[in-house]
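Per-entry structural report
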Amino acid sequence: MIARRPLTVLLLGIFLGAVACGGGASDSGVVAPPVTPPPVTPPQTPPLDTTGFLEFTAGTAPLVIVAPHGGALKPTTIPDRTCTGCEVLADANTADLARLIVDAFERRTGKRPFLALNHLHRVKFDGNRDLDEATGSHTMLNGVWNSWQSALDSSTARAARVGGRALYLEVHGHAHEVARIELGYLLTGTQLRLSDSALTVGSVMRQSSIARLVTDARSGASDVALLRGAASLGALLTGAGYPAVPSPADPAPKAADSYFTGGYNTVRHGSRDGGATDAIQMECYFAGLRDTAENRAAFADQLAVALAEFLLKQYGWPAS
Ligand SMILES: [Zn+2]
């Protein structure tokens, strides 16, 4: 049963309702000015403090040493990279190893390589990927990526001005079954398994990250010799007691072996597509090389000797 209300109560309700809604015509017929809503203040995000994320030091030798994912910083202000297939494990001890290589080279030669370290953990930022994959598409890191890559560009350019030509060496760590240093020249395992003559006839080295060196090595060494013969970095490392592939003793990974060919930076900072800098991605095994401070220091010293010889024989640096 519907309760009957007095008419005055109903009219009062309608009147009050009109006033409360606002913005429309009042009962007096005068149009009220539109009500301006208070300005909405967007939530304030403080700018990302990037202090300490990246480290660069200039050098005096035509050599650039880089550790792109040996960092440990995990700021909570940066979301994790969750992209499909993104590698997020850091390369343990490679930042320290890169530093030791630079110090050892300076001790041995009196000249210092350029150094670049990414201190962010790989779960936040990968210094060896294109923009989207490096940042996990988190645009807050676009500036970090741009700073990182442009500093690598300028380091390689400055290093090349020191010696006319330069070598970019990127320090990584692998956990593959075979304990050997994997030197990546952008050539696949299948290409490395070609015979020496097939490599030469097919001009395969023109697709490598040391394509320019093949044309102007001071020693006059052949393309195959520079890749895995007596003139190669692999030969020098193996001779120092650190097995490496490719090298005279181990010219190519077997078909079943895991092997890193080189990544984004080896393409960008090497000479496959031109430029004055060759690049090699150096993947280091763990036990006996980068596991303890003592082993890292010993390897850094031997690598410095090898690099000094490689630069002298193949790049003519320092000029006599
Ligand atoms: Zn790596």
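Computed from a predicted model, the values in this text were never measured in an experiment.

Description of the overall build of the protein chain
From N to C terminus, the protein chain includes eleven helices and seven strands. Considering the protein chain as a whole, with its 320 residues, one finds that 44% of them fall into the buried category. Pairs at least 24 apart in sequence give 73% of the contacts found in the protein chain among residues at least 6 apart.

Observations regarding the packing of helix H2 (residues 94-109) against helix H11 (residues 293-315)
Between H2 and H11, the least distance of the axes is 8 Å, while the angle of their chain directions is 50°. Taken together, the axes of H2 and H11 are oblique relative to one another. Classified by chirality, the crossing of H11 by H2 is right-handed. Of the residues in H11, those in contact with Asp96, Leu97, Leu100, Ile101, Ala104, Phe105, Arg108 and Thr109 of H2 are Arg296, Ala297, Ala300, Asp301, Leu303, Ala304, Val305, Leu307 and Ala308. Here the contact of H2 with H11 is built from residues that sort into twelve nonpolar, one polar and four charged.

Focus on helix H4 (residues 142-163)
The end-to-end C-alpha distance of H4 is 32 Å, a good match for the 32 Å that 22 residues give at a rise of 1.5 Å each. Of the positions making up H4, those classed as buried are Val144, Trp148, Leu152, Ser155, Thr156 and Ala159. Along the long axis of H4, the arc covered by the buried residues comes to 100°, so they all point the same way. Along H4, the residues that are exposed and aim more than 90 degrees away from the buried face are Asn146, Ser150 and Arg161. On its buried face, H4 sits against strand E1 (54-57), strand E2 (63-67), strand E3 (114-118), strand E4 (166-173), helix H10 (264-269) and strand E7 (277-284).

Observations regarding the environment of Leu187
Turning to its location among the elements, Leu187 is positioned in the loop between strand E5 (181-184) and helix H5 (189-192). As for Leu187 and Gln207, which are separated by 20 residues in sequence, their C-alpha atoms are 7.3 Å apart. Excluding residues within four positions of it along the chain, Leu187 makes contact with Leu192, Val204, Gln207, Ser208 and Thr261.

Regarding the pairing of E4
Among the eight residues in E4, eight count as buried, and that is most of the element. In E4, alternate side chains face the same way, and those of Ala166, Tyr168, Glu170 and His172 on one face and Leu167, Leu169, Val171 and Gly173 on the other are all buried. Pairing between E2 and E4: four bridges, direction parallel. Counterpart to Leu63 in the pairing with E4 is Leu167. In this sheet, E7 lies alongside E4 in parallel orientation, the contact comprising eight bridges. When the bridges of E7 are listed, Leu169 appears paired with Ile280.

Focus: the confidence of the model for the protein chain
With 89% of its residues at a pLDDT of 70 or more, the protein chain shows a mean pLDDT of 91. Taken as a whole, residues 1-28 scores under 50 in pLDDT and shows twelve contacts with residues more than four places along the chain or in a different chain.

A word on the environment of Ala159
Tracing the backbone shows Ala159 in helix H4. Here Ala159 falls in the buried class, since 24 other C-beta atoms lie within 10 Å of it. With 101 residues separating them in the primary sequence, Ala159 and Ala58 have C-alpha atoms 8.7 Å apart. Discounting residues that sit within four places of it in the chain, Ala159 has contacts with Gly59, Pro62, Leu63, Val64, Phe114, Ala166 and Thr277.

Side note on the sheet that holds E1
Read from one edge to the other, the open sheet built from seven strands follows the order E1-E3-E2-E4-E7-E5-E6, with strand pairing classed as mixed. In this open sheet, the two strands that pair with only one neighbour each are E1 and strand E6 (244-245). Against the sheet, H2 engages E2, E3 and E4, with an angle of about 160° to E2.

Considering the nonpolar core
Within the largest apolar cluster, 76 residues are counted, with the highest numbers of intra-cluster contacts made by Leu63, Val64, Ile65, Ala98 and Ile101. When residues in this core are grouped by element, the largest group, ten residues, is from H11. Among all residues touching Ile101, those that are not within four sequence positions of it are Ile65, Ala300, Leu303 and Ala304.

Re unusual backbone geometry
Cis geometry is adopted by the peptide bond preceding Pro246, which originates at Val245 and carries an omega value of 0°. Secondary-structure assignment places Pro246 in the loop between E6 and H10. Across the junction of Trp317 and Pro318, the peptide omega takes the value -5°, indicating a cis bond. Even without glycine at this site, Ser137 takes up a positive phi of about 60°. Among the structural elements, Ser137 can be located in the loop between helix H3 (131-135) and H4.

Rules and cut-offs
- Residues numbered from 1 in each chain as written.
- Predicted model: local features only at pLDDT ≥ 70, side-chain atom pairs only at ≥ 80, totals over all residues.
- Helix = DSSP H or I, 4+ residues; strand = E, 2+ residues; numbered from the N terminus.
- Buried ≥ 20, exposed ≤ 12 C-beta atoms within 10 Å, placed from the backbone.
- Contact = placed C-beta atoms within 7 Å.
- Axes fitted to C-alpha atoms, helices over the stretch in contact; angles between N-to-C directions.
- Parallel < 35°, antiparallel > 145°, perpendicular 65-115°, else oblique.
- Left-handed = near helix turned anticlockwise from the far one by under 90°.
- Nonpolar A, V, L, I, M, F, W, Y, C, P; charged D, E, K, R; others polar.
- Expected span 1.5 Å × (residues − 1).
- Arc of directions from axis to C-beta.
- Pairing = 2+ DSSP bridges.
- pLDDT = per-residue confidence, 0-100.
- Core = buried A, V, L, I, M, F, W, Y, C linked by C-beta atoms within 7 Å.

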